[in-house]
Amino acid sequence: MKSLRLLLAGALALPLVLLAKPLRIGFAQTGAESAWRTANSESMKAEAAKRGIELKFSDAQGKQENQIRAVRSFITQGVDAIVIAPIVETGWDPVLREAKRAKIPVILTDRTIATADESLFACFIGSDFYEEGRMAADWLAKHTGGKGTIVELQGTPGSAPANERRKAFADALKDHPDLRIIDSQSGNFERSGGKQVMEAFLKKHGSAIQIVYAHNDDMALGAAQAIEEAGLKPGKDLVIVSIDAIREAVKAVADGRLNCTVECNPLFGPKVYDTVAKILAGETVPKKSFNKDELFDAANAAAALPTRQY
């Protein structure tokens, strides 16, 4: 009789388990402009699948209006949480107020926003873009003896990484007056953009260029191609310093085509979902948390290659 009661109890409990809904999370991604971004998206998707999370993924194709539209759609669908990798820093307050009224927590990942009301988002998880720019400048100053003329390949105008990496690099160069930026233009974080801008720089400045500073690896690799097509050797005739440390760039450093790349880890999935779980459980989480980033040059790039995950 006891075993029968246990069996019935188990049968009654089973539908409750089956009816339990998976966690639903909306992710408004910037797009697929680089290998870094692809790795970032895959980390979010793979970790969601591993945890049984229903991820509603939106590719904004580089347009903020698409991201805002996606966030409004997530709110209408009543998701449990919203994750945004903001394309630009400004213009977010209205839609974030809508999410707040709907009591849906918003987690910013990879990029920050500019707002006077930080209660509009639960937290930011990402990398310290300013520190990355400073690390690149410090390495360059040491490598060149503090002398050289630089062209800068900027990321997407108005984006947090482009703003911070540019500012940090410029601030660091104040201590090295013989390291000068002679031109700066956006390649939009894209390989094709980096190639096109570098081609224009070479036509305009020619042999006056000694150093290339790129806000990401894809632009740096595009610039390297333009340099090669101009009959020069990237990494030798021109020093190239970049940020992201995607596997292809670390290999290029090991091969001597790039000289240095500062890491910006894109594998946010586990940390983001751990944080969402804590927020939904009512726990307090840090308002800002940063991944630890490394620097790769000729001294350590080859040894790092076997363990690179992206």
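Here the structure is shown first, and the text comes after it.
Here is what the cut-offs are and how they apply
Residues numbered from 1 in each chain as written. Predicted model: local features only at pLDDT ≥ 70, side-chain atom pairs only at ≥ 80, totals over all residues. Heavy atoms only, no water. Phe/Tyr/Trp six-rings, centres within 6.5 Å; stacked < 30°, edge-to-face > 60°. Helix = DSSP H or I, 4+ residues; strand = E, 2+ residues; numbered from the N terminus. Lys NZ or Arg CZ within 6 Å of the ring centre and 35° of its normal. Buried < 20%, exposed > 50% of the residue type's maximum accessible area, 1.4 Å probe, protein only. Pairing = 2+ DSSP bridges. Polar contact = N/O pair within 3.5 Å; in protein donor to acceptor, adjacent residues only side chain to side chain. Contact = heavy atoms within 4.5 Å. Axes fitted to C-alpha atoms, helices over the stretch in contact; angles between N-to-C directions. Parallel < 35°, antiparallel > 145°, perpendicular 65-115°, else oblique. Left-handed = near helix turned anticlockwise from the far one by under 90°. Nonpolar A, V, L, I, M, F, W, Y, C, P; charged D, E, K, R; others polar.

Participant: Any chance you could explain the packing of aromatic side chains here in plain terms?
Facilitator: The geometry of an aromatic ring pair is captured by the separation of the ring centres together with the interplanar angle, meaning the angle of the planes. Using the criterion set out here, one finds 4 aromatic pairs in the structure. Residues Phe27 and Phe57 carry aromatic rings whose centres are separated by 5.7 Å and whose planes lie at 65° to one another, so their mutual orientation is edge-to-face. Placement of Phe27 in strand S1 (residues 24-29) and of Phe57 in strand S2 (residues 54-59) is noted, with a sequence separation of 30 residues between them. Its guanidinium or amino end placed over the ring of Phe57, Lys45 lies 4.2 Å from that ring's centre, counting from NZ or CZ. Positioned above the aromatic ring of Phe121 is the side chain of Lys287, whose terminal nitrogen or guanidinium carbon lies 4.4 Å from the ring centre.

Participant: Just to check I follow, could you spell out unusual backbone geometry for this structure?
Facilitator: Trans peptide bonds make up the majority, and among non-glycine residues the majority have a negative phi. Within the chain, Asn188 stands out as a residue other than glycine whose phi angle is a positive 60°. The partly exposed category is assigned to Asn188, whose relative accessible area is 30%. Its identity is not glycine, yet Phe189 carries a phi of approximately 65°, on the positive side. Inspection of the secondary structure assignment puts Phe189 in the loop between strand S7 (179-186) and helix H7 (191-205).

Participant: Hey, could you run me through the pairing of strand S9 (residues 239-244) in this one?
Facilitator: The two faces of a sheet get side chains in turn, since along a regular strand they alternate between them. Counting buried positions along S9 yields 6 of 6 residues, so the element is predominantly enclosed. Residues Val239, Val241 and Ile243 line one face of S9 and the alternating positions Ile240, Ser242 and Asp244 line the opposite face, and both faces are buried. In this sheet, S9 lies alongside strand S8 (residues 211-214) in parallel orientation, the contact comprising 3 bridges. Note that in S9 the partner of Val212 across the bridge is Ile240.

Participant: Can you walk me through the side chain of Glu263 in this structure?
Facilitator: Counting through the fold element by element, Glu263 comes out in strand S10 (residues 260-263). Given a relative accessible area of 5%, Glu263 falls into the buried group. A polar atom in the side chain of Glu263 sits 3.0 Å from the side chain of Tyr310. Contacts of Glu263, omitting those with residues within four sequence positions, involve Glu132, Asp244, Ala245, Lys292, Asp293, Glu294, Phe296, Arg308 and Tyr310.

Participant: Just checking my understanding: could you explain the packing of helix H2 (residues 35-51) against helix H10 (residues 269-280) for this structure?
Facilitator: A pair of packed helices is characterised by two quantities: the angle between their axes and the separation of those axes. Direction vectors running N to C along H2 and H10 enclose 55°, while the axes themselves pass 8 Å from each other. In terms of orientation, H2 and H10 fall into the oblique class. H2 and H10 meet at a crossing whose hand is right-handed. Facing Ser43, Met44, Glu47, Ala48 and Arg51 of H2, the residues of H10 in contact are Gly269, Pro270, Val272, Tyr273 and Asp274. Of the residues that constitute the contact of H2 with H10, the class distribution is 5 nonpolar, 2 polar and 3 charged.

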